[in-house]
Amino acid sequence: MTLLRIGETDLYTEDSGTGEPVLLLHGGFCSLESLRHQAEALAPDHRVIAFERPGHGRSADIDGEYSYERGVAEALAVLDAQGVEAAHVIGYSDGAIIGLLLARDQPHRVRSLVSISANLDPSAFTHSAEAAGAVVLDERARSTRSETVTAASAAASESGGGGGSDRDPSTEPDVERAHYDRLSPDGPQHAEIVLGKLLRLWTSQPRIDPASLASVAAPVLVMSGDRDTIRPDHSLLIAASIPGARLCIVPGASHGLVAERPAFIAREIREFLHPA
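First, a word on scope: everything that follows refers to the structure included in this document. Every value quoted in this text rests on a predicted model; they were computed, and no experiment measured them.

Let's talk about the side chain of Ser117
Inference 1: Relative to the helices and strands, Ser117 is located in the loop between strand E6 (110–116) and helix H4 (147–158).
Inference 2: One polar contact links Ser117 to Asp228, side chain to side chain, over a distance of 2.4 Å.

Laid out in structure tokens, this is it:
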């Protein structure tokens with residue numbers, strides 16, 4: 001556990017276990033604690049490398065907006081700093097989008113990819129205007145959002161960005177906000193700034209052409225919850241766009257599936273990485 005200097009930014013990084021390298025990429029407004037179960041499940045026979053992007057977990061925020069391209073550059077810089085040429089990549093939510101871009105644009109750096117609840121563009125959300133009429137399962141009951149998240153979501157909606165709050169994991173109001181308040185070097189009061197930047201990111205990016213994923217050569221497992229805020233048909237689109245990709249819809253799970261079904265996800269990842 002250390003702060004790794006990447007350009008002008010210090011990124012909190014963890015490196016544990018031995019074996020083939022695995023790179024973990026967390027979601028938006030999440031820390032590495034959201035993937036702790038997966039890290040511990042893989043560490044006995046893998047080298048698990050993980051880092052927290054600026055404004056997340058133990059990494060201080062940056063001036064300016066976030067972008068997925070910056071996330072790709074940071075992931076490559078972390079791999080370089082750890083002396084890893086290629087890794088198995090496991091990404092969740094925003095981290096899954098970064099994983100897709102890595103597999104497409106840096107194929108020699110990705111041994112395989114597990115993409116959990118990714119989207120190719122903002123129309124993927126169940127409540128987006130483009131989703132009108134789409135067949136989806138009833139939403140699971142969710143905890144009341146914190147005042148900060150509610151206010152930020154409302155502000156985005158009023159500004160015409162509607163749908164951004166759909167990105168939030170169902171566990172966020174209590175668990176992820178508590179992790180942020182406890183871990184962030186910027187202090188709890190900075191959360192509103194981070195959420196504002198994330199909402200702008202989620203309502204404008206990514207813009208990934210499904211046809212561009214045909215160039216992905218690494219083995220890919222696409223996962224999402226059956227009650228995810230990413231529509232199941234969109235997860236199917238991602239998997240169908242990647243040659244040979246597998247699709248796993250996790251039953252009884254929302255966008256917070258990594259917290260809701262950690263053992264199930266760990267088992268599926270292990271079977272994917274080590275097929276019989």
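The structure having been displayed, the exposition proceeds.
Overview of the packing of aromatic side chains
Inference 1: In this structure the tally under the stated criterion is one aromatic pair.
Inference 2: For the ring pair Phe29 and Tyr180, a centre distance of 5.4 Å and an interplane angle of 20 degrees mean the geometry is stacked. Linking Phe29 in the loop between strand E3 (20–25) and helix H1 (36–42) with Tyr180 in helix H5 (residues 172–183), this pair joins segments that are 151 residues apart in sequence.
Inference 3: Across the ring face of Tyr12, the terminal group of Arg58 is positioned such that the distance to the ring centre comes to 4.4 Å.

Things to note about helix H2 (residues 68–81)
Inference 1: For H2, which comprises 14 residues, the first-to-last C-alpha distance of 20 Å matches the rise-based estimate of 20 Å (1.5 Å per residue) to within 8%.
Inference 2: Of all the residues in H2, the buried ones are Tyr68, Gly71, Val72, Glu74, Ala75, Leu76, Val78 and Leu79.
Inference 3: Count one or two residues on from H2 and you reach Gly83, which has phi positive near 70 degrees.

Brief notes about the sheet that holds strand E4 (residues 46–51)
Inference 1: On the basis of which strands lie adjacent, the open sheet formed by eight strands has the order E1-E2-E4-E3-E5-E6-E7-E8 and mixed pairing. Two strands close off the open sheet at either side, each with one partner strand: strand E1 (2–6) and strand E8 (246–250). When the angles between neighbouring strand axes are averaged without regard to direction, this sheet yields 25 degrees.
Inference 2: Judged from the four bridges that link them, E6 and strand E7 (residues 220–225) form a sheet pairing that is parallel. Of the residues in E7, the one forming a bridge with Leu113 is Val220.
Inference 3: Strands E3, strand E5 (87–92) and E6 of the sheet are contacted by helix H3 (residues 94–105), whose axis makes an angle of about 150 degrees with E6.

Cut-off values and rules
Residues numbered from 1 in each chain as written. Predicted model: local features only at pLDDT ≥ 70, side-chain atom pairs only at ≥ 80, totals over all residues. Heavy atoms only, no water. Helix = DSSP H or I, 4+ residues; strand = E, 2+ residues; numbered from the N terminus. Polar contact = N/O pair within 3.5 Å; in protein donor to acceptor, adjacent residues only side chain to side chain. Phe/Tyr/Trp six-rings, centres within 6.5 Å; stacked < 30°, edge-to-face > 60°. Lys NZ or Arg CZ within 6 Å of the ring centre and 35° of its normal. Expected span 1.5 Å × (residues − 1). Buried < 20%, exposed > 50% of the residue type's maximum accessible area, 1.4 Å probe, protein only. Pairing = 2+ DSSP bridges. Axes fitted to C-alpha atoms, helices over the stretch in contact; angles between N-to-C directions. Contact = heavy atoms within 4.5 Å.

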